[in-house]
Amino acid sequence: MKESIDIIEQIIQEGAISDANLRLLVDSIVISEKNKKLHIKINLNAKFERHKDCYDEEGNLTESVFIA
């Protein structure tokens, strides 16, 4: 799990999105692990359609769902 947190920190450090802009966009990031699988939930600061992406162990997108 620490490895995933390090990846998020690396994205911020590389300038893909500034820390200040990320804080304006994202309300919270919840990272959890269950049965050796990592779950990341990102709660945004605006009302958007509900969206869920599922990835396999190699990071390939396996399912994408939009809920109005």
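Residues numbered from 1 in each chain as written. Predicted model: local features only at pLDDT ≥ 70, side-chain atom pairs only at ≥ 80, totals over all residues. Heavy atoms only, no water.

(A) Structural detail: the overall build of the protein chain. The secondary structure content of the protein chain amounts to two helices and four strands. Helices and strands appear in the protein chain in the N-to-C order α-α-β-β-β-β. For the protein chain, the residues scored as buried account for 4% of the 68 residues in total. If you take every contact in the protein chain between residues at least 6 apart in sequence, the share linking residues at least 24 apart comes to 10%. Accessible surface, the protein chain as shown: approximately 6200 Å² in total, 53% of it carbon and sulfur. (Helix = DSSP H or I, 4+ residues; strand = E, 2+ residues; numbered from the N terminus. Buried < 20%, exposed > 50% of the residue type's maximum accessible area, 1.4 Å probe, protein only. Contact = heavy atoms within 4.5 Å. Areas by Shrake-Rupley, 256 points an atom, 1.4 Å probe, with all protein chains shown as cover.)

(B) Looking closely at the confidence of the model for the protein chain. Scored by pLDDT, the protein chain comes out at a mean of 78, with 78% of its residues at no less than 70. No element of the protein chain has a lower mean pLDDT than helix α1 (residues 2–13), which averages 67, and none a higher one than strand β1 (residues 26–34), which averages 88. (pLDDT = per-residue confidence, 0-100.)

(C) Structural context of the pairing of strand β3 (residues 50–55). Here six bridges tie β3 to strand β4 (residues 61–67), and the two strands are oriented antiparallel to one another. Bridge assignment links H51 to a residue of β4, and that residue is F66. (Pairing = 2+ DSSP bridges.)

(D) Highlighting the pairing of strand β2 (residues 37–44). Where β1 lies against β2, eight bridges are found, and the strand directions are antiparallel. Bridged to K34 within β2 is K37. Where β1 folds back on β2, the antiparallel hairpin that results is connected by two residues, among which N35 adopts a positive phi of roughly 55 degrees.

(E) Quick look at the layout of surface pockets. By volume, the largest pocket amounts to about 1300 Å³. When residues of the lining of the largest pocket are traced back to their parent elements, those giving at least two are β1, β2, β3 and β4. Here the lining of the largest pocket gets eight residues from one element, more than from any other, and that element is β2. Taken together, the residues that form the lining of the largest pocket break down as eleven nonpolar, four polar and nine charged. (1 Å grid on protein atoms, 1.4 Å probe; cavity = no way out; pocket = protein on both sides within 12 Å on 5 of 7 lines; lining within 4 Å. Points joined across faces, edges and corners; volume = space filled by probe spheres on them. Nonpolar A, V, L, I, M, F, W, Y, C, P; charged D, E, K, R; others polar.)

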